[in-house]
Amino acid sequence: MDYPAFPTEPVGDRSVARLDHAAAQALPRLSRPSALAVLDDLARRHGFTPTRLVELHDLVRRRHGAAPLHELFGLVDPRSESPAESAARLSCHDNAVPPDDLQARIVVDGVVVARVDLVWRLPDGRWLVVEIDGVGPHSTAQALVRDAPRQNQLLASGQVIMLRFKPADNDRPGGVGAKIAKVLAGHGWQPARYPSSGALIDLTPVSLSPSGN
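Keep in mind it's a predicted model, so treat the numbers as computed, not measured.

(A) Representation of helix 1 (residues 19-26) within the structure. Buried within helix 1 we find Asp20, His21, Ala23 and Ala24. All buried residues of helix 1 lie within an arc of 160° about the axis, which places them on one face of the element. The elements touched by buried residues of helix 1 are helix 2 (32-45) and helix 3 (50-60).

(B) View of the packing of helix 2 against helix 5 (residues 83-94). Where helix 2 meets helix 5, the axes come as close as 8 Å, and the angle between the chain directions of the two elements is 120°. Compared by their axis directions, helix 2 and helix 5 come out oblique. Seen along the crossing, helix 2 lies across helix 5 with a hand that is right-handed. Facing helix 2, whose interface residues are Arg32, Pro33, Leu36, Ala37 and Asp40, helix 5 presents Pro83, Ser86, Ala87, Arg89, Leu90 and Asp94. Classifying every residue of the contact of helix 2 with helix 5 gives 6 nonpolar, 1 polar and 4 charged.

(C) Just unusual backbone geometry, in detail. A positive phi angle, close to 65°, is found at Ala96, a residue other than glycine. Structurally, Ala96 can be placed in the loop between helix 5 and strand 3 (101-108). Classification of Ala96 as partly exposed rests on a relative accessible area of 46%. Of note in this structure, Gln103 is not a glycine but carries a positive phi near 50°.

(D) Representation of the pairing of strand 3. Most of strand 3 is tucked away, with 7 of its 8 residues classed as buried. The pairing of strand 3 with strand 4 (residues 111-121) spans 7 bridges and is classified as antiparallel. Bridge pairing links Arg105 to Arg115 in strand 4. Where strand 3 folds back onto strand 4 in an antiparallel hairpin, the turn is made up of 2 residues, including Asp109, whose phi is positive at roughly 55°. Note that strand 3 and strand 7 (residues 200-202) share 3 bridges and pair parallel. Opposite Val107, over in strand 7, you have Asp202 as the bridge partner.

(E) Summary view of the sheet that holds strand 3. In space, the 5 strands of this open sheet follow the order 6-5-4-3-7, with mixed pairing throughout. For this open sheet the edge positions go to strand 6 (160-165) and strand 7, each flanked by a neighbour on one side alone. Strand-to-strand, the axes of this sheet are offset by a mean angle of 45°, without reference to chain direction. Where helix 7 (residues 175-186) meets the sheet, it contacts strand 4, strand 5 (127-132) and strand 6, and its direction lies at approximately 165° from that of strand 6.

(F) How the structure looks around the pattern of salt bridges. Under the counting rule described, the total for this entry stands at 14 salt bridges. For the salt bridge of Arg61 with Asp58, the shortest nitrogen-to-oxygen distance reads 3.3 Å. For Arg61, a relative accessible area of 40% translates into the label partly exposed. Take Asp58: its relative accessible area is 46%, and that puts it in the partly exposed class. Through salt bridges with shared partners, one network takes in Arg32, Glu71 and Asp94.

Conventions used here
Residues numbered from 1 in each chain as written. Predicted model: local features only at pLDDT ≥ 70, side-chain atom pairs only at ≥ 80, totals over all residues. Heavy atoms only, no water. Buried < 20%, exposed > 50% of the residue type's maximum accessible area, 1.4 Å probe, protein only. Helix = DSSP H or I, 4+ residues; strand = E, 2+ residues; numbered from the N terminus. Arc of directions from axis to C-beta. Contact = heavy atoms within 4.5 Å. Axes fitted to C-alpha atoms, helices over the stretch in contact; angles between N-to-C directions. Parallel < 35°, antiparallel > 145°, perpendicular 65-115°, else oblique. Left-handed = near helix turned anticlockwise from the far one by under 90°. Nonpolar A, V, L, I, M, F, W, Y, C, P; charged D, E, K, R; others polar. Pairing = 2+ DSSP bridges. Salt bridge = Lys/Arg side-chain N within 4 Å of Asp/Glu carboxyl O.

As structure tokens, then:
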């Protein structure tokens, strides 16, 4: 089905397709992970509210190749900060282990010591934390110096299990979601059993009063 006439807007001395119509033309040609990354980015950086996403879905739904996209509109989350994070989250969804929260802040003694990509609350009260090490944010020498002490602090708390993945890990069979699902199954996690943490995890040790006081 050819795309019908669409509204344009000026960019410099040219007229280009309006962003929603440009997206509607492009999305059916993308892979599912790339399409979700585009949708997440539209929500995060371009002001696509839930209402605008519904309108975009209406533009897309009759396009050839649109069928795989329908479920993606329900997965859009502006907190995903990179295509690799969007792809990892989709892989988790495909493997029936949707994250309990995204971009969660971890606090110790009232100080935010980390912000992590994906988290799951385990039945024993601990947290599975997953970091997606993109080529940019985590690969510089400065990032390695900063991330190592942060990771050590989280693991030393005894309340965190951490997995780290490269974007390319999602290209393997089952993607990162399959590996995460295996770890979660080993700890007895079940979908929707544990509510969202509200993006704040407090790992401050609990002080116990001496017995007899």
